[in-house]
Amino acid sequence: MPAKSAAQQKAAGAALSAKRGETPKSRLKGASKSMLESMTETQLEDFAHTRRKGKPEHVPAR
């Protein structure tokens, strides 16, 4: 499932980096921290590899 906003894509990229051990987990906050705990590496890859072109920065909450 692709990311719906640029912010979601960036958060997934940060969480993916931490899951792979490239970034310390202590540097994560907010959405990226919860994504790290609740999503698999494959799911994070799907979100992080979404193209940002044409995506809004933020999507209103439901």
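Anything mentioned here points back to the structure above.
The structure presented is a predicted model; accordingly, all values stated were derived computationally and were not measured.

A. Spotlight on helix H2 (residues 31-38). Buried residues of H2: Ser32, Met35 and Leu36, and no others. One side of H2 carries all its buried residues, which in axial view fall inside an arc of 105 degrees. Exposed side of H2, more than 90 degrees from the buried face: Glu37 and Ser38 are the residues found there.

B. Structural context of the side chain of Thr50. Mapping Thr50 onto the fold places it in the segment after helix H3 (41-48). Classification of Thr50 as buried rests on a relative accessible area of 12%. At a separation of 3.1 Å, a polar atom in the side chain of Thr50 contacts the main-chain carbonyl oxygen of Phe47. Setting aside its immediate chain neighbours within four residues, Thr50 contacts Pro2, Ala3, Gln9 and Lys55.

Conventions we followed
- Residues numbered from 1 in each chain as written.
- Predicted model: local features only at pLDDT ≥ 70, side-chain atom pairs only at ≥ 80, totals over all residues.
- Heavy atoms only, no water.
- Buried < 20%, exposed > 50% of the residue type's maximum accessible area, 1.4 Å probe, protein only.
- Helix = DSSP H or I, 4+ residues; strand = E, 2+ residues; numbered from the N terminus.
- Arc of directions from axis to C-beta.
- Polar contact = N/O pair within 3.5 Å; in protein donor to acceptor, adjacent residues only side chain to side chain.
- Contact = heavy atoms within 4.5 Å.

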